[in-house]
Amino acid sequence: MDTLHACFKEKIGEVLLPGDVFSCRLPVSGDESIKPEKIICGPGLRRNAEEVQVCKSGILRHKQPNMYWIDSQQRRYVPAKGESVIGIVTAKSGDVFKVDVGGSEQASLSYLAFEGATKRNRPNVQVGDLVYGQFTIANKDMEPELVCIDSCGRANGMGVFGADGLLFKVSLGLVRRLLAPQSEIIKDLEKIYSFELVVGMNGRVWVKAKTVQQTLIVTNLLETCENMTSQQRQTLFKKVTRDFL
């Protein structure tokens, strides 16, 4: 194991701060066949030549075989290319919609960026509508751009949505837990109520259950899960099941 991988292994689960540095310089051994193991840097880590720098405060996490990231509880969202988000249409400007995505500036969304949209067949999008879309452009020097179609021109779950549901905001750390494959939180909630759920990487969550009361209960449970352990969450869910079912 190279020195960089060993340094990361030692710090898993510890709190790191911006400015902390991991060095990947190999010890001089004379054996040129020794190559550093590839490290995949996730959110909160930035590679700079032979070093990996921490750029967010939080807990270092690891996923096999060699992916590392910083698990932080930040609430401000910074757009990133390829991420799917929930936006709120704020204005129509010519052939472009302006969309609030929770970042430092609004994103643009072309009326042609919907499945089946043409110059004659424009999508029915109104100010105040919720849209689920994906960033095609997102960097500090350009205005973010959203689309509601995939590379094949299909909606694939994206577009205008949100009738009768409830939109609320959570931390980006909780979003990653909800979007994880086989999320335990969602599995536990589905045992109580059936509901529709849309989660955006920008910290916005939309929920719709069979009744308004059930929608509010699911929303409150999701917000409460923020700082709970797995055992605390299951205890709470069992209590809710006894009280409301």
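Higher on the page you've got the structure.
As the structure is a prediction and not an experimental result, all values here were calculated from the model. (Residues numbered from 1 in each chain as written. Predicted model: local features only at pLDDT ≥ 70, side-chain atom pairs only at ≥ 80, totals over all residues. Heavy atoms only, no water.)

Asker: Can you walk me through the pattern of salt bridges in this structure?
Answerer: Any two side chains of opposite charge can pair, so long as their charged atoms come close to each other. With the rule as written, the count across this model stands at 10 salt bridges. One salt bridge in this structure joins Glu143 and Lys98, with 2.6 Å as the shortest N-O distance. Residue Glu143 is located in the loop between strand S11 (130-137) and strand S12 (145-147), and its partner Lys98 is located in strand S9 (residues 96-100); the two are separated by 45 residues in the primary sequence. Residue Glu143 is classed as partly exposed on the basis of its relative accessible area of 33%. Between Arg154 and Glu115 there is a salt bridge, and its shortest N-O distance comes to 3.3 Å. Taken as a pair, Arg154 in the loop between S12 and strand S13 (159-161) and Glu115 in the loop between strand S10 (107-110) and S11 lie far apart in primary sequence, 39 residues in all. Look at the salt bridges and you will find they share partners, linking Glu184, Asp188, Lys191 and Arg233 into a network. (Salt bridge = Lys/Arg side-chain N within 4 Å of Asp/Glu carboxyl O. Helix = DSSP H or I, 4+ residues; strand = E, 2+ residues; numbered from the N terminus. Buried < 20%, exposed > 50% of the residue type's maximum accessible area, 1.4 Å probe, protein only.)

Asker: Sorry if this is basic, but what is going on with helix H4 (residues 212-224) here?
Answerer: Counting along an α-helix, one turn takes 3.6 residues, and residues three or four places apart therefore face a common direction. Over its 13 residues, H4 runs 18 Å from end to end, which matches the ideal 18 Å to within 8%, given 1.5 Å per residue. Every buried residue belonging to H4 is among Gln214, Thr215, Ile217, Val218, Thr219, Leu221 and Leu222, and all of these are buried. (Expected span 1.5 Å × (residues − 1).)

Asker: How should I be thinking about helix H2 (residues 172-179) in this particular structure?
Answerer: Among the residues of H2, those classed as buried are Leu172, Gly173, Leu174, Val175 and Leu178. Summarising the contacts, the buried residues of H2 are in contact with strand S7 (67-71), helix H3 (184-190), strand S15 (195-199), strand S16 (204-209) and H4. (Contact = heavy atoms within 4.5 Å.)

Asker: Before we go on, may I ask you to explain the sheet that holds strand S3 (residues 40-41) in this structure?
Answerer: Whenever strands of a sheet pair, they do so through backbone hydrogen bonds, lying parallel or antiparallel. Taken together, four strands build an open sheet; the order of strands is S1-S6-S7-S3 and the sheet is mixed. Every other strand in the sheet has two partners, leaving strand S1 (15-16) and S3 as the edge strands with one partner each. In the sheet, S1 pairs with strand S6 (residues 58-63) via two bridges, with the strands oriented antiparallel. What sits directly across from Val15, in S6, is Ile59. (Pairing = 2+ DSSP bridges.)

Asker: How do you make sense of the side chain of Asn202 when you look at a structure like this?
Answerer: Relative to the elements of secondary structure, Asn202 occurs in the loop between S15 and S16. Within the structure, Asn202 has its side chain in polar contact with the backbone oxygen of Ile86 (distance 2.8 Å). Look past the residues within four positions of Asn202 in its chain and what remains in contact with it is Tyr77, Val85, Ile86, Val101, Lys169 and Leu172. (Polar contact = N/O pair within 3.5 Å; in protein donor to acceptor, adjacent residues only side chain to side chain.)

Asker: Hey, could you run me through the side chain of Ser108 in this one?
Answerer: Tracing the chain through its elements places Ser108 in strand S10. With near-sequence residues (within four places) excluded, Ser108 lies in contact with Val96, Phe97, Lys98, Glu143, Pro144, Glu145 and Leu146.

Asker: How should unusual backbone geometry be read in this particular structure?
Answerer: The omega torsion of the bond from Gln64 to Pro65 falls at 0°, within 30 degrees of zero and hence cis. As for its placement among the helices and strands, Pro65 is situated in the loop between S6 and S7. The backbone phi angle of Asn156 is positive, close to 50°, even though this residue is not glycine. Structurally, the position occupied by Asn156 is in the loop between S12 and S13. Residue classification places Asn156 among the exposed residues on the basis of a relative accessible area of 61%. Even without a glycine there, the phi angle at Asp164 is positive, about 70°. Relative to the helices and strands, Asp164 is located in the loop between S13 and strand S14 (166-169).

Asker: Sorry, what's going on with the packing of aromatic side chains here?
Answerer: Pairs of aromatic rings are described using the distance from one ring centre to the other and the angle between the two planes. A complete count under the given rule lists five aromatic pairs for this structure. Ring centres of Tyr77 and Phe135 lie 6.4 Å apart, and the angle between their planes is 20°; this geometry places the pair in the stacked category. Of this pair, Tyr77 sits in the loop between S7 and strand S8 (84-93) while Phe135 sits in strand S11, and the two are 58 residues apart along the sequence. With relative accessibility at 3%, the residue Tyr77 sits in the buried group. Note on Phe97 and Phe114: the rings are 6.4 Å apart at their centroids and 90° apart in plane angle, and the pair reads as edge-to-face. Taken together, the positions of Phe97 in strand S9 and Phe114 in the loop between S10 and S11 put the pair 17 residues apart, joining distant regions of the chain. Through pairs of rings, three or more aromatic residues link up here, namely Phe8, Phe22 and Tyr68. (Phe/Tyr/Trp six-rings, centres within 6.5 Å; stacked < 30°, edge-to-face > 60°.)

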